[in-house]
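Letter by letter, the chains look like this.
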2 protein chains.
Amino acid sequence: MTRDQVYNFAAGPSVMPESALRTAAAEMLNYHGSGISVMEMSHRSAMFQDIFDSAVEKLKKLMSVPDTHEILLLQGGATTQFAAIPMNLIQGGDADYAVTGNFSSKAAKEAEKYGRVHIACSSADTGFEHIPVQSELRQTAGAGYFYYCANNTVYGTEWQYVPEVSAPLVCDMSSDILSRPVDVSKYGLIYAGAQKNMAPAGLTVVIVDKSLVGRELPYTPQILSYKTMVDSGSMLNTPPCWCIYMLSLTLDWVEAQGGVAAMDRLRHERADMVYDFLENSSFYRLHARADSRSCMNITFRTGSAGLDSEFVSGAEAAGLMNLKGHKVAGGLRASLYNAMPVEGAKALVEYMKKFEVEHHV
Amino acid sequence: MTRDQVYNFAAGPSVMPESALRTAAAEMLNYHGSGISVMEMSHRSAMFQDIFDSAVEKLKKLMSVPDTHEILLLQGGATTQFAAIPMNLIQGGDADYAVTGNFSSKAAKEAEKYGRVHIACSSADTGFEHIPVQSELRQTAGAGYFYYCANNTVYGTEWQYVPEVSAPLVCDMSSDILSRPVDVSKYGLIYAGAQKNMAPAGLTVVIVDKSLVGRELPYTPQILSYKTMVDSGSMLNTPPCWCIYMLSLTLDWVEAQGGVAAMDRLRHERADMVYDFLENSSFYRLHARADSRSCMNITFRTGSAGLDSEFVSGAEAAGLMNLKGHKVAGGLRASLYNAMPVEGAKALVEYMKKFEVEHHV
């Protein structure tokens, strides 16, 4: 298939801005007349430091990150942060975890190795189909932090509010960072694996309140210490240079579209179109409760696993790729990240309509 | 500058095979008719799993990795392994470290957090200018492993023999992996950051004897557990997909050149040319002792820091990039990794000659 015959609904790694890919291809063998590729640059060279600084500066501007917070560009993915967060912040004490999906469950389990984990709320009993409201959040006095995952990629729910808690707020924004305005000053720490809205897999963005840095447990690996990484400008060792370059190109695209305000408008435009159709269909069933629905990942199913499977293969033949649900949730899932054109959502709805007409009994 | 006007002597990230870069550029927007970029592929897709499996298979074949050993493709760089190795293998007991340079010093220091570290040998007193011989290696009875770094990127020395020790042998091969044949069966664990001979920064290859897996300390982060990574086929979480793809393309190039035997011949061809010239010059001084010299990183200096600096800027103007020594060692350094053409070494010698003639007093 050609690129314009395909819409890629993968949950991550996922669709990237075509302009970023075109620039990367054009500059592949010779970056800005240097005669070398970005992949061949010393991370200690002025040329790479410029790319790094520029990516950080753009992110700071786009997300309005206050000077109280440091932006780190790290390796290891969210799973590494599941350990790094307690190792740096729990100090052998307590932490509260809001468990609203697959990855917050995993984060809470990993944190148990390093301190006392308290479940602030959980929607596990109802298949993670909703986000608890503020009044349901249980807080532990003296907790080192309160942890939640802003958008649940697997189950298709998203926090519609920022929890108000006493402890520093820690948030996994892997699947909705840069898709809407965020008041960073409310957070002790925000982190995100890059492979949904920012860059290829292999980069993790951590935005941390500098006043929380320097509390790590004694056996914390140097590479997982926020203090070490703040002190070394994210370069204790060689950073994932190519991913940082792609982040920079993607941020150019976000800015050109109008920044996070534009991303927010577009995410609603895409998601509303799909939700409106699904809500009015008696053929498809939505997984997430209306008050908790994600703009990034829409989870749904037909009447049977067999039909779901037929839906996926028919979609692929029509160029609508990766609509199968996550293995722990089953069913179907359409991920509509920043770089998904509105036309992709339209094409999905058209296909859904057609499939419904052909298979409704 | 154009690409053919430049030779890049960076110590890592460093020069890559042009064929790999050309393929990456050509496939950037549409991998094999899929309509998407490798950077946009779900790591759980059959298409990406093929790329992953193919990279592992090629590495297994090129390095003759026996079935007793597992190949892991991870994130985090060598610095992450500095902690992961003791966390997985020391079991709160002892480990021996051969300290022959910058990175083995750092590895030994990090390991002290997790057990008793014994210095098996050290060439620190003489500026890390040589590798101790077998009879100088002190071993601790019952040590969990014996650790060494095969090639010292910063100081330009390389082990010319494989240590014979009782404990499982653990080796950092970051800067000479794939440059010569290695008997993998002699090792408990080999690891290498990819950014010198294999792929862009952001990928770490770990080759581990499966019988050593499953001994991690209780507080080991899941992401650093070899057992977890063996069990999940390196995909506990999203791997650094793009780097793995570039590894696969680079391995195609290594194979096309004639594998590690050809790499070994070429590394000597390049390095011998430069060492022969430097040895016969009264203007330049070599850092490494003759019996310990690295084929990958050649460390040398002129008579003064001022001249060194002039050497570097003159070289850059002539398209010979990144010849400045590492900050902890000073002086000059030419890194001649696999992808450096023999012509690059020739051009370097020509420049050295010219510089000597112009500056010798």
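Keep in mind that what you see is a predicted model, and the values were worked out from it rather than measured.

**Quick notes on the overall build of chain A**
In terms of helices and strands, chain A carries nine helices and 14 strands. For a compact globule of 361 residues, the expected C-alpha radius of gyration is about 21 Å, and chain A comes in at 21 Å, within 12% of that figure. Judged by the C-alpha coordinates and their principal axes, chain A covers about 65 × 55 × 30 Å. A burial count over chain A gives 64% of its 361 residues as buried.

**What about the pattern of salt bridges?**
Summed over all chains, the structure comprises 36 salt bridges over all chains. Linking B:Lys227 and B:Asp231 is a salt bridge whose minimum nitrogen-to-oxygen distance equals 2.8 Å. Highlighted residues: B:Lys227 and B:Asp231, both in helix α5 (residues 226-231), separated by four residues, approximately one helical turn. Overall, B:Asp231 belongs to the exposed group, its relative accessible area being 56%. Each of A:Glu158, A:Asp176, A:Arg180, A:Asp264 and A:Arg267 takes part in one network of salt bridges that share partners.

**Some thoughts on the side chain of B:Ser37**
Relative to the elements of secondary structure, B:Ser37 occurs in the loop between α1 (18-26) and α2 (46-62). Once residues lying within four places of it in the same chain are set aside, the contact partners of B:Ser37 are A:Arg3, A:Leu21, B:Met28 and B:Leu29.

**Here we look at the relation of the copies chain B and chain A**
Superposing chain B onto chain A takes a rotation of 180 degrees plus a shift of 0.0 Å along the axis, which leaves an RMSD of 0.0 Å. Viewed as a symmetry operation, the transformation between the two copies matches a two-fold axis. Closest approach to the rotation axis within chain B is made by the C-alpha atom of B:Ala25, at a distance of 2.3 Å. Both copies share a contact surface, since 100% of the interface residues of chain B are interface residues in chain A too.

**Some points on the sheet that holds strand β4 (residues 116-122) of chain B**
All names here are of chain B. Strand order in the open sheet formed by seven strands is β2-β10-β9-β8-β5-β3-β4, with mixed pairing between adjacent strands. Edge positions in the sheet fall to β2 (69-74) and β4, since each has one partner strand and no second. Each strand of the sheet is rotated relative to its neighbour by a mean of 20 degrees, with strand direction disregarded. With three bridges connecting them, strand β8 (residues 169-172) and strand β9 (residues 189-193) associate as parallel partners. Across the sheet, the residue bridging to Cys 171 is Ile 190, located in β9. Its contacts with the sheet place helix α4 (residues 102-111) against β3 (94-99), β4, β5 (146-149) and β8, and it is angled at close to 160 degrees to β3.

**Structural notes on the sheet that holds strand β14 (residues 332-335) of chain A**
Residue and element names in this part refer to chain A. With respect to topology, three strands assemble into an open sheet ordered β11-β12-β14, the strand pairing being antiparallel. A single partner strand is all that each edge strand has here, and the edge strands are β11 (285-286) and β14. Looking at chain direction, β11 and strand β12 (residues 297-301) are connected through two bridges and run antiparallel. Residue Arg 285 lies in a different strand from β12, and its bridge partner there is Arg 301.

**Focus on the interface of chain B and chain A**
Counting residues at the interface gives 58 residues for chain B, matched by 58 residues for chain A. Among the residues chain B hides against chain A, the three largest losses belong to B:Leu29, B:Met39 and B:Glu40. Together they make up 15% of the total. The interface formed by chain B and chain A contains two salt bridges. Taken together, the links from chain B to chain A amount to 24 residue pairs in polar contact (both at pLDDT 80 or more). Elements represented by at least two residues in the side of chain B that touches chain A include exactly α1, α3 (77-89) and α6 (241-257) of chain B.

**With respect to the confidence of the model for chain A**
On average, residues of chain A score 97 in pLDDT, and 100% of them are at 70 or above. For this predicted complex, the interface confidence score (ipTM) comes to 0.98, while the overall pTM stands at 0.98.

**So, the environment of A:Leu266**
All names here are of chain A. Assignment of secondary structure puts Leu 266 in helix α7 (residues 259-279). Among the residues examined, Leu 266 registers a relative accessible area of 17% and is labelled buried. Expressed as a C-alpha distance, the spacing of Leu 266 and Val 342, which sit 76 residues apart in the sequence, is 7.3 Å.

**Re the pairing of strand β12 (residues 297-301) of chain B**
If a strand is regular, its side chains alternate between the two faces of the sheet. Residues and elements named next belong to chain B. The element β12 is largely enclosed, with a buried count of four among its five residues. Bridge analysis of β12 against strand β14 (residues 332-335) gives four bridges, and the strand direction is antiparallel. Pairing of Ile 298 across the sheet is with Ala 334, part of β14.

**Examining the packing of α2(B) against α6(B)**
All names here are of chain B. Where α2 contacts α6, the axes come no closer than 9 Å and their chain directions differ by 40 degrees. When the axis of α2 is compared with that of α6, the two are oblique. Remark: the crossing between α2 and α6 carries left-handed chirality. Every residue of α6 that contacts α2 at Phe 48, Ile 51, Phe 52, Ser 54, Ala 55, Lys 58, Leu 59, Lys 61 and Leu 62 is listed here: Cys 241, Ile 244, Tyr 245, Leu 247, Ser 248, Leu 251, Asp 252, Val 254 and Glu 255.

**Focus: the nonpolar core**
Among the nonpolar cores identified, the biggest contains 131 residues, and A:Met28, A:Trp242, A:Met246, B:Met28, B:Trp242 and B:Met246 are the most heavily contacted of them. If near-sequence neighbours (up to four positions away) are discounted, B:Met246 is found in contact with A:Met39, B:Met16, B:Ala20, B:Leu21, B:Ala24, B:Met198, B:Ala199 and B:Pro200. Grouped together as the second largest cluster of nonpolar side chains are 73 residues, A:Tyr191, A:Leu224, B:Leu189 and B:Tyr191 included.

**As for a negative patch on the surface**
Residues and elements named next belong to chain A. Taken together, the side chains of Glu 269, Asp 272, Asp 276 and Glu 343 define an acidic patch exposed on the protein surface. Note that Glu 343 resides in helix α9 (residues 342-359). The exposure class of Glu 343 is partly exposed, given its relative accessible area of 42%.

About the thresholds
- Residues numbered from 1 in each chain as written.
- Chains lettered and ligands numbered in written order.
- Predicted model: local features only at pLDDT ≥ 70, side-chain atom pairs only at ≥ 80, totals over all residues.
- Heavy atoms only, no water.
- Helix = DSSP H or I, 4+ residues; strand = E, 2+ residues; numbered from the N terminus.
- Rg over C-alpha atoms; globule rule 2.2 N^0.38 Å.
- Buried < 20%, exposed > 50% of the residue type's maximum accessible area, 1.4 Å probe, protein only.
- Salt bridge = Lys/Arg side-chain N within 4 Å of Asp/Glu carboxyl O.
- Contact = heavy atoms within 4.5 Å.
- Least-squares fit on C-alpha atoms with pLDDT ≥ 70 in both.
- Pairing = 2+ DSSP bridges.
- Axes fitted to C-alpha atoms, helices over the stretch in contact; angles between N-to-C directions.
- Buried area = accessible area lost by both parts, 1.4 Å probe.
- Polar contact = N/O pair within 3.5 Å; in protein donor to acceptor, adjacent residues only side chain to side chain.
- pLDDT = per-residue confidence, 0-100.
- Parallel < 35°, antiparallel > 145°, perpendicular 65-115°, else oblique.
- Left-handed = near helix turned anticlockwise from the far one by under 90°.
- Core = buried A, V, L, I, M, F, W, Y, C linked by side-chain atoms within 4.5 Å.
- Patch = residues over 30% accessible without salt bridge, like charges linked within 9 Å, V, L, I, M, F, W, Y side chains within 5 Å.
- Areas by Shrake-Rupley, 256 points an atom, 1.4 Å probe, with all protein chains shown as cover.
- Lys, Arg positive; Asp, Glu negative; His and termini not counted.
- Charge placed at Lys NZ, Arg CZ, Asp CG, Glu CD.

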